[in-house]
Amino acid sequence: MVGKSLSRGRFDLRLLFAILLMLATTATAVAERRVALVIAEDDYRLVRPLANPVNDGEAMEAALKKLGFEVVLETNRDLRRMRRALDDFREDAKGADVALVYFSGHGFEISGDNRLLPVDADASSLDQLEKTSLPLEEVRDAVAATAKVGLIVLDACRSDPFTGGSGDGRGATSLIKDLVDKIKPGLGRVGKAENILFAFSAAPGETAADGTGANSPFTVALTKYLGTDGLEIRSVLTLVQQEVYDLSRGKQLPYVESGLPKLFFASAAKEQLPERERLLLAMADVTPEMRGAVERVASDADMPLAPLYGALISSDTSHLSGESLDAKLREAADAFVKVRGEMKTLAADDPQVTELRRQAEEQLALGAFDGARVILAKAADVDNVSRQALKANFVSRTLSEAATRFLSGGAARATLDYATAIKDYETVLALYGEAGQTSLSLEQADRQSRTLEELGILYTTIGKTDAAGRAFAALVANLEQRARQETDPSVKRDLAIGHIKFANIKMAQGDLPASLQNYEAARDMLQGLTTNVPDKKDWLGDLAMAHDKIGNVLATQGDVGAAAQAYRQSLSIKQQLADAEPNSVYLLRDLTITYDEIGGLARTAGQLDGAQTAFEESLRIRLALAQNNPDDPRHQRAVSVSYTRIGDVLRERGDAGGALDAYNKSQIIAEALVRRDSNDTDLKRDLSVGYAKIGNAYGDQKDWPLALEAYQQALATARDLAASDPGNTDWQRDLSVCLEKIAGVFDAQGDIAGALQNYQDSLVIADRLANLDPGNSDWQRDLSITFEEIGLLETKQRHYEGSKKAFEASLAIRQRLALSDPDNAIWQFDLVQAYINYAYVAKNPKAVLSQALDLTLELDRTGKLAPRDKPTIKYLRGLLAKLKAAKK
């Protein structure tokens with residue numbers, strides 16, 4: 001509701017305050033009469049009383065008087081006196097230029113009719129409620145009869161007045177059940193009326209908070225920004241709206257219905273707005289999808305909205321998919337929660353430093369990251385000046401400055417300002433170096449370790465793996481020293497995690513032995529820790545992760561058996577944890593990841609029964625998660641992925657019909673996700689890949705028309721993605737693959753010319769990618785395959801010159817690849833195929849086929865020839881025999 005109402009609410013609020021601030025400026029104050037009636041009701045007798053409306057009325061009275069209004073304030077009036085106040089207002093203010101009525105109290109809707117509650121409202125029955133409440137139409141009539149321009153401001157959508165009584169018996173009488181559907185807390189929409197603007201404190205059908213302080217959030221924002229000097233008028237409205245939205249953590253959004261003309265007035269800004277106000281203005285332009293993501297992540301992290309909006313707005317997230325955006329927001333939320341916790345617990349000897357840190361914490365909660373860092377810089381300067389001037393307290397002041405710089409780095413981290421965070425954390429390490437390792441308390445030593453960890457994470461994030469490796473190596477050394485000196489087992493656990501993080505870098509750098517060594521070191525430590533401290537469930541999760549990491553390395557090294565064993569050990573631990581907490585979404589999701597790892601490994605090894613069983617178990621868990629969390633697209637996407645993997649296994653088993661059924665189930669979900677978020681490029685790519693897989697299944701059944709239709713759908717989506725970002729090489733490659741899929745169907749249908757044209761179109765893309773990065777072996781192999789297919793089609797058309805050129809190009813690439821890695825069995829057999837194809841156009845086909853046979857026999861001798869490829873030996877011997885016979 002909030003996202004849908006946002007843009008209209010912002011537009012109409014601008015009109016409201018355009019009127020108010022217009023009246024506040026010198027240029028418009030020429031003999032213009034402005035009148036206001038302020039009604040505030042909180043001392044309700046028969047429905048739930050409120051705490052703040054009278055305070056709100058008094059605050060609005062003061063604000064309006066400053067803007068030149070004649071104001072009448074009425075508080076805690078019954079229905080008779082409310083009507084009399086309206087009659088007096090109509091009579092006394094008649095002929096005014098602008099009339100404003102402000103009401104603060106309970107408001108509700110009865111079957112589309114908006115009503116305001118006086119203090120004597122009786123909710124014992126629907127008839128009594130209608131008789132003892134004031135229709136909003138009466139207020140409208142009074143304002144319309146009074147002035148040319150009217151404004152009705154209602155802070156009246158208060159929380160349900162009919163929710164039971166308080167201790168002194170002033171609560172509402174329970175309503176009869178059959179009236180509940182007719183009576184709704186909050187106000188309904190009001191149709192536009194000429195020259196009148198209606199402003200609600202909450203969206204139609206929604207309730208507004210009374211507030212925990214002296215005033216409601218709506219009135220706080222109204223009075224805060226109403227008379228701000230130097231603000232462009234539309235910005236004033238946006239500030240009010242976003243302030244309420246932020247302070248309520250997305251639960252309340254002011255909204256108006258307007259019949260006023262568009263009025264835009266501005267006065268020159270005297271100086272740049274404060275950071276908080278600039279953030280509020282920028283928040284108004286955030287898309288509903290991003291707004292929903294911020295609200296969800298903030299709720300999960302139990303944190304204010306503004307810091308996440310600050311991180312979102314200050315970093316470039318326009319290119320991110322929905323899932324990537326969610327990950328970035330969760331990264332920012334995690335950093336904010338960490339630095340907020342540090343600020344609350346970190347003590348300083350100097351009261352001035354303590355106060356500055358407190359002020360920085362307040363700024364951080366408002367999303368004013370720059371302001372927080374400026375204040376923290378002042379605190380650091382206090383310590384720096386003192387430590388330089390007084391050598392006696394050099395160490396303590398150095399450590400205090402290090403702590404403040406650590407907080408500053410956390411603030412930068414929370415706004416995703418990686419460069420600034422890195423600079424702050426490097427300063428922290430330098431300061432600890434100046435103080436000396438022996439000077440550190442346990443708390444300070446822990447902060448030093450966490451600084452190294454944060455640096456490693458940040459360097460990894462920005463792609464500086466060498467620097468990340470140095471940071472994590474230093475972290476491991478730091479924690480090894482601490483583990484020898486400290487008895488706390490959590491230090492050894494941190495050391496194990498340090499080994500894992502260091503191993504991750506080594507894995508990324510291709511150093512598999514080093515990564516395996518560190519993963520195994522972590523596993524051994526965690527096995528000992530979980531044996532000695534069995535109640536630490538988080539540590540068991542860490543142990544499962546270590547097994548997973550070991551499995552990944554072993555799988556990459558081709559040791560399928562050992563990898564499978566590591567995954568099974570991980571699965572056993574994760575199942576134990578999930579059984580203990582069956583409602584934990586995180587643990588269940590983690591369990592599905594390991595099932596997928598096991599399934600993928602089994603599929604690679606040709607164990608299709610085991611692969612299908614693992615993938616189906618993962619699907620079972622994901623279906624339950626999706627059913628329990630229907631609004632979380634991540635669970636829906638995970639279900640789609642599971643169906644796709646099952647389809648892949650069924651297709652390999654020759655069950656094209658079963659594969660097609662699984663692919664279609666996956667595609668129904670993918671299509672729904674794209675409809676839900678049409679800007680998410682990852683989801684669009686899923687859609688394209690899904691169509692291609694459906695095409696594959698139809699192709700297995702030789703149903704070429706349906707295969708072609710599916711491939712063309714895949715191609716249409718791939719074209720859109722590739723056109724939207726020509727620099728995205730993955731999307732360009734997808735486009736090339738789709739073109740070749742269609743070419744394959746054309747070939748099967750006998751349309752050689754159409755097939756050749758698609759391969760030629762694909763060749764343009766494949767050639768460009770291969771030239772872009774000659775070291776990318778996948779792209780080089782793709783190019784060789786495209787040349788091969790073109791050569792085969794040219795041969796079918798008896799265009800031997802064209803086929804010779806294509807086969808020679810394919811052969812040259814495959815020779816280079818095979819020479820670069822003699823142990824790569826796939827590349828070696830690719831070369832065999834290239835020799836066979838080239839033999840058709842070679843001057844000496846016998847020599848070429850002999851090379852192919854020798855290479856195939858060598859692959860067979862060394863155990864590198866796949867079983868499905870063994871018939872190639874007989875085939876080549878047959879070809880050579882025919883050539884020999886032909887010569888005779």
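Residues numbered from 1 in each chain as written. Predicted model: local features only at pLDDT ≥ 70, side-chain atom pairs only at ≥ 80, totals over all residues. Heavy atoms only, no water.

**Notes on the overall build of the protein**
Applied cut-off: Note on conventions: DSSP H or I runs of at least 4 residues are helices, E runs of at least 2 residues are strands, and numbering of each starts at the N terminus. The cut-offs for exposure are 20% and 50% of the maximum accessible area for each residue type, with area from a 1.4 Å probe on protein chains only; residues under the lower value are buried, those over the upper are exposed, and the others partly exposed. Any pair of residues with heavy atoms lying within 4.5 Å of one another is described as a contacting pair. Accessible surface area values rest on a Shrake-Rupley calculation with a 1.4 Å probe, where residue burial reflects the displayed protein chains alone.
Within the protein one finds 34 helices and 10 strands. The proportion of buried residues among the 888 residues of the protein is 52%. Counted over contacts in the protein with a minimum sequence separation of 6, partners at least 24 positions apart contribute 68%. Carbon and sulfur atoms form 50% of the exposed surface of the protein, whose accessible area is close to 39900 Å².

**What to know about the packing of helix H28 (residues 729-748) against helix H30 (residues 777-796)**
Note the cut-off: Geometry is summarised by axes, namely lines fitted to C-alpha atoms with helices restricted to the contacting stretch, and by angles between N-to-C directions that run from 0 to 180 degrees. Here the word oblique covers every angle except those under 35 degrees (roughly parallel), over 145 (roughly antiparallel) and from 65 to 115 (roughly perpendicular). Put simply, a crossing is left-handed when the front helix is turned counterclockwise from the back one by less than a right angle, and right-handed when it is turned clockwise.
Interaxial distance between H28 and H30 falls to 12 Å at its minimum, and their mutual angle equals 20 degrees. The angle between H28 and H30 places the two elements in the roughly parallel class. Here H28 runs over H30; the crossing is left-handed. For the pair formed by H28 and H30, the contact residues are Thr 729, Arg 733, Glu 740 and Asp 747 on the first element and Trp 779, Asp 782, Thr 786, Leu 793 and Lys 796 on the second.

**Observations regarding the pattern of salt bridges**
The following threshold applies: For salt bridges, the criterion is a side-chain nitrogen of Lys or Arg within 4 Å of an Asp or Glu carboxyl oxygen.
With the rule as written, the count across this model stands at 45 salt bridges. A salt bridge links Asp 596 to Arg 622; the shortest N-O distance between them is 2.8 Å. Of this pair, Asp 596 sits in helix H22 (residues 585-604) while Arg 622 sits in helix H23 (residues 608-628), and the two are 26 residues apart along the sequence. A relative accessible area of 9% means that Arg 622 is categorised as buried. Across the pair Lys 693 and Asp 648 runs a salt bridge whose closest N-O atoms are separated by 3.1 Å. With Lys 693 in helix H26 (residues 681-700) and Asp 648 in helix H24 (residues 633-652), this residue pair connects regions lying 45 residues apart in the sequence. Exposure remark for Asp 648: the relative accessible area of 11% places this residue in the buried category.

**Here we look at the packing of helix H27 (residues 704-724) against H28**
For clarity, the threshold we go by: Ten residue types, Ala, Val, Leu, Ile, Met, Phe, Trp, Tyr, Cys and Pro, are classed as nonpolar, four, Asp, Glu, Lys and Arg, as charged, and the remainder, Gly among them, as polar.
In contact at an axis separation of 8 Å, H27 and H28 are set at 155 degrees when each is read in the N-to-C sense. By the criterion of interaxial angle, the relationship of H27 to H28 is roughly antiparallel. Crossing hand, H27 versus H28: left-handed. Of the residues in H28, those touching H27 at Trp 704, Ala 707, Leu 708, Tyr 711, Gln 712, Ala 714, Leu 715, Ala 718, Arg 719, Leu 721, Ala 722 and Ser 724 are Trp 731, Gln 732, Asp 734, Leu 735, Cys 738, Leu 739, Lys 741, Ile 742, Val 745, Phe 746 and Ala 748. When its residues are assigned to classes, the contact of H27 with H28 shows 17 nonpolar, three polar and three charged.

**A closer look at the pairing of strand S1 (residues 34-40)**
Test applied: At least two bridges found by DSSP between two strands is the condition for calling them paired.
Within S1, seven of the seven residues are buried, which leaves it mostly tucked inside the rest of the structure. Of the two faces of S1, both are covered, the one formed by Arg 34, Ala 36, Val 38 and Ala 40 as well as the one formed by Val 35, Leu 37 and Ile 39. Pairing of S1 with strand S3 (residues 96-104), which is carried by seven bridges, proceeds in the parallel orientation. Of the residues in S3, the one forming a bridge with Arg 34 is Val 98. In terms of strand pairing, S1 meets strand S2 (residues 70-75) through six bridges, oriented parallel. The residue bridging Ile 39 from the neighbouring strand is Glu 74, located in S2.

**Quick word on a negative patch on the surface**
Rules: Patch construction takes residues with relative accessible area above 30% that form no salt bridge. Like charges are linked within 9 Å, and nonpolar side chains (Val, Leu, Ile, Met, Phe, Trp, Tyr) are linked within 5 Å. Asp and Glu are treated as the negative residues and Lys and Arg as the positive ones, with His and the ends of the chain left uncounted. Charged groups are reduced to one reference atom each: NZ for lysine, CZ for arginine, CG for aspartic acid, CD for glutamic acid.
A grouping of Asp 87, Asp 88, Glu 91 and Asp 92 is seen on the molecular surface, where their side chains present a negatively charged patch. Structurally, Asp 87 is set in helix H3 (residues 79-92).

**Focus on the pairing of strand S4 (residues 107-110)**
Taking every second residue as pointing to the same face, both faces of S4 are buried, with Gly 107 and Glu 109 on one and Phe 108 and Ile 110 on the other. Pairing geometry for S4 and strand S5 (residues 113-116), over four bridges, is antiparallel. Bridging from a neighbouring strand, Phe 108 pairs with Arg 115 of S5.

**Details of the confidence of the model for the protein**
The following threshold applies: Summary of the metric used: pLDDT quantifies the predictor's per-residue confidence within the range 0 to 100.
With 85% of its residues at a pLDDT of 70 or more, the protein has an overall mean of 83. Of all helices and strands in the protein, the one with the weakest mean pLDDT is helix H1 (residues 2-24) (42), whereas S2 scores best (95). Predicted confidence is poor over residues 1-21, with pLDDT under 50, and the contacts of this stretch with residues over four places away or in other chains come to 82 contacts. Counting interchain partners and residues more than four positions distant, the pLDDT-below-50 stretch residues 164-179 has 30 contacts.

**Focus: the layout of surface pockets**
Put simply, the test is: Here a cavity denotes grid points, spaced 1 Å and computed from the protein atoms alone, that fit a 1.4 Å probe unable to get out, and a pocket denotes an open set having protein on both sides within 12 Å along at least 5 of 7 lines; residues with an atom within 4 Å of a point are the lining. Grid points are joined across faces, edges and corners, and a volume is the space filled by probe spheres set on the points.
Put simply, the largest pocket is a space of about 1600 Å³. Every residue lining the largest pocket is counted, 42 residues in all, and those nearest its centre are Asp 334, Lys 501, Asp 542, Met 545 and Tyr 586. Of all elements in the fold, only helix H11 (322-345), helix H14 (394-414), helix H16 (442-461), helix H18 (489-508), helix H20 (537-556), helix H21 (560-580) and H22 reach the threshold of two or more residues within the lining of the largest pocket. Of the residues assigned to the lining of the largest pocket, the class counts are 14 nonpolar, five polar and 23 charged.

**Remarks on H14**
Selection rule: What a helix is expected to span follows from its residue count: subtract one and scale by 1.5 Å.
When the terminal C-alpha atoms of H14 are compared, their 30 Å separation across 21 residues agrees well with the 30 Å that a helix rising 1.5 Å per residue should span. The element H14 is extensively covered by neighbouring structure, given that 19 of its 21 residues are classed as buried. Once H14 finishes, Leu 416 follows within two positions and takes phi at roughly 65 degrees, a positive value.

**A few points about unusual backbone geometry**
Positive phi, close to 65 degrees, is recorded for Leu 416, a residue that is not glycine. Summarising the element assignment, Leu 416 is placed in the loop between H14 and helix H15 (418-435). Using a relative accessible area of 10% as the deciding quantity, one classes Leu 416 as buried. Phi at Lys 702 is positive, roughly 60 degrees, even though this residue is not glycine.

**Things to note about the environment of Val 395**
For Val 395, the position within the fold is in helix H14. Once the C-alpha coordinates of Val 395 and Leu 431 are considered, the two residues, 36 residues apart in sequence, prove to be 9.4 Å apart. Sequence-distant contacts of Val 395, defined by excluding residues within four places in its chain, comprise Ala 435 and Ser 439.

**Thoughts on the nonpolar core**
Formally: To qualify as a nonpolar core, a set must consist of buried Ala, Val, Leu, Ile, Met, Phe, Trp, Tyr and Cys residues joined through side-chain atoms within 4.5 Å.
Core analysis: the largest hydrophobic core is formed by 102 residues, its most contacted members being Leu 308, Leu 312, Leu 329 and Leu 364. In terms of residue count, the dominant contributor to this core is H15 (nine residues). Setting aside its immediate chain neighbours within four residues, Leu 329 contacts Ala 293, Val 294, Val 297, Leu 308 and Leu 312.

**Brief notes about helix H12 (residues 351-365)**
Spelled out, the test is: Taking the helix axis as origin, the arc is that swept by the directions to the C-beta atoms.
Between its first and last C-alpha atoms H12 spans 21 Å; for 15 residues at 1.5 Å apiece the expected length is 21 Å, and the two agree. Those residues of H12 lying buried are Val 353, Leu 356, Arg 357, Ala 360, Glu 361 and Leu 364. What you see down the axis of H12 is that its buried residues fit within an arc of 150 degrees, all on one side.

**Some points on the packing of aromatic side chains**
As a reminder of what qualifies: Ring pairs are drawn from Phe, Tyr and Trp, using the six-membered ring of Trp, whenever the two centres fall within 6.5 Å, and their geometry is named by plane angle: stacked under 30 degrees, edge-to-face over 60, tilted for the rest.
For the structure shown, the criterion picks out one aromatic pair. With a centroid separation of 5.7 Å and 55 degrees between ring planes, the pair formed by Phe 406 and Tyr 425 is classed as tilted. Within this pair, whereas Phe 406 is found in helix H14, its partner Tyr 425 is found in helix H15, the two being separated by 19 residues in sequence. The class for Phe 406 is buried, based on a relative accessible area of 7%.

**Remarks on the side chain of Glu 331**
Summarising the element assignment, Glu 331 is placed in helix H11. Once residues within four sequence positions are removed from consideration, Glu 331 is found in contact with Arg 413, Leu 416 and Tyr 418.

**Considering the environment of Ala 626**
Structurally, the position occupied by Ala 626 is in helix H23. A residue is classified by how much of its surface remains accessible, and Ala 626, at 8% relative accessible area, is buried. Sequence separation of Ala 626 and Ala 638 is 12 residues, and the distance between their C-alpha atoms is 8.6 Å. Those residues in contact with Ala 626 that sit more than four places away from it in its chain are His 635, Gln 636 and Val 639.

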